Amino acid sequence: MSLGPYASFIVTSYLAAALVVALLIGWIAIDYRSLRRRLRALEESGVARRSGRSATDMT
Amino acid sequence: MTLIDLANPTRFLSLTARLLPFLAAATTILLLVGLYLSAAVPDDYQQGATVKIMFIHVPNAWLSMFVWAVMSASALGTLVWRHPLADVAAKAAAPIGASFTFLALVTGSLWGRPMWGTYWEWDARLTSVLILFLMYLGLMALWRAVEDPTRAARAAAVLTLVGAVNLPIIKFSVDWWNTLHQPASVFRMGGPTLDRAFLIPLLVMALAFTLLFITLHVAAMRNEILRRRVRSLQMMQARAASNDMSAASTASQPA
């Protein structure tokens, strides 16, 4: 597959998209882990939800 | 499970736990198919291989507007129905919409340089999309600046609905003004002007990016619900600590 004289523009576009999507996925995954860790720490310190259910309960 | 059940954040979390693996798998498969089809298209007779940038640029440009439309619907949910998940949905969508808009601007510039001879031109389409990007950033700053989530939600909802005026301006800017950007070639009266060889990979990529948005949005909404749980537990902890302190100070006072 030849990309012609403007190959650098095409490749940069696809790399930019891949980078931004990877950053979004990474940010969401890291944020999720950090939030679950904070919820677990709060529960271990003795704070409980009014419903009595675990704050990290996803079911 | 009915739609009204989803108004309960706990039920929504339970649904996301089951839904996310399927959404992620479907997004990955569709993206791989789209990328394969994009790589296999023939060169355009005028643009050559640079036409391949279209398969990244156009889906991101469409989604930049679609995400704002989703946020506008959520804003109505916040202001009119006070749906508990409406502000969660809007807040979670903003960084994703900003990212798609950023990609539309960057890939548009990279496509413009070889085709137009310039990375940037202050024409109506490019400028209105830049304004959309700045509005996303402004909304994200607003949510961070106002500490009370209820007040932040209302202010953000009003700003989102005001900003929705920009959507038809972006869409019709190429018809209303004389712009460097080409007019609509897919969603237009009289049908698409694109050849099927380009149209099919473009639609597959657009569908793949839309699924990507849905997957990321559901995951970001789950995070936002957990963030609000953290906040409410922290407030309960602070209230309990303050009650303990006042009880201790009352006990230590002389009778």
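Residues numbered from 1 in each chain as written. Chains lettered and ligands numbered in written order. Predicted model: local features only at pLDDT ≥ 70, side-chain atom pairs only at ≥ 80, totals over all residues.

Within chain A, the regular secondary structure consists of one helix and zero strands. Counting every position in chain A, which comprises 59 residues, the buried fraction comes to 17%. (Helix = DSSP H or I, 4+ residues; strand = E, 2+ residues; numbered from the N terminus. Buried ≥ 20, exposed ≤ 12 C-beta atoms within 10 Å, placed from the backbone.)

Let us now look at the overall build of chain B. Assigned secondary structure in chain B consists of seven helices and zero strands. Across chain B, helices and strands are ordered from the amino to the carboxyl terminus as α-α-α-α-α-α-α. Over its C-alpha trace chain B gives a radius of gyration of 23 Å, far above what one expects of a compact globule, namely 18 Å for 255 residues. Taking the intrachain contacts of chain B between residues at least 6 apart in sequence as the baseline, contacts between residues at least 24 apart amount to 76%. (Rg over C-alpha atoms; globule rule 2.2 N^0.38 Å. Contact = placed C-beta atoms within 7 Å.)

Contacts between chain B and chain A engage 32 residues on the former and 27 residues on the latter. Sorting the residues of the side of chain B that touches chain A by element identifies α1 (9-40), α3 (86-116) and α7 (196-252) of chain B as the ones contributing at least two each. In terms of residue count, α7 of chain B provides more of the side of chain B that touches chain A than any other element does, 13 residues in total. Considering only residue class, the side of chain B that touches chain A consists of 20 nonpolar, eight polar and four charged. (Nonpolar A, V, L, I, M, F, W, Y, C, P; charged D, E, K, R; others polar.)

Within soluble globular proteins, side chains that are nonpolar tend to cluster in buried spots. Residues Val67, Met71, Ala90, Ala93, Ile96 and Leu216 of chain B are the most contacted members of the largest nonpolar core, which totals 65 residues. Mapped by element, the contributors of at least two residues to this core are α1 (7-44) of chain A together with α2 (54-81), α3, α4 (124-145), α5 (149-163) and α7 of chain B. Non-local contacts of Val67 of chain B, meaning those with residues more than four positions away in its chain, are made with Ala93, Ile96, Gly97, Phe100 and Phe213 of chain B. (Core = buried A, V, L, I, M, F, W, Y, C linked by C-beta atoms within 7 Å.)

This part takes up the confidence of the model for chain B. The predicted model of chain B has a mean per-residue pLDDT of 91, with 97% of residues at 70 or higher. Per the prediction output, this complex has pTM 0.90; the corresponding ipTM is 0.89. (pLDDT = per-residue confidence, 0-100.)

Residues and elements named next belong to chain B. Axis separation between α4 and helix α6 (residues 166-176) bottoms out at 8 Å; the angle between their running directions is 160 degrees. Classified by the angle their axes make, α4 and α6 are roughly antiparallel. The chirality of how α4 crosses α6 is left-handed. Residues Ala124, Arg125, Ser128, Val129, Ile131, Leu132 and Met135 of α4 lie in contact with α6, whose contacting residues are Asn166, Ile169, Ile170, Ser173 and Val174. Taken together, the residues of the contact of α4 with α6 sort by class into eight nonpolar, three polar and one charged. (Axes fitted to C-alpha atoms, helices over the stretch in contact; angles between N-to-C directions. Parallel < 35°, antiparallel > 145°, perpendicular 65-115°, else oblique. Left-handed = near helix turned anticlockwise from the far one by under 90°.)

Side chains that are three or four residues apart share a direction in an α-helix, a result of its 3.6 residues per turn. Residues and elements named next belong to chain B. The first and last C-alpha atoms of α4 sit 31 Å apart over 22 residues, in line with the 32 Å expected at 1.5 Å per residue. Taken as a whole, α4 has its buried residues at Arg125, Leu126, Ser128, Val129, Leu132, Met135, Tyr136 and Leu139. On its buried face, α4 is in contact with α2, α3, α5 and α6. (Expected span 1.5 Å × (residues − 1).)

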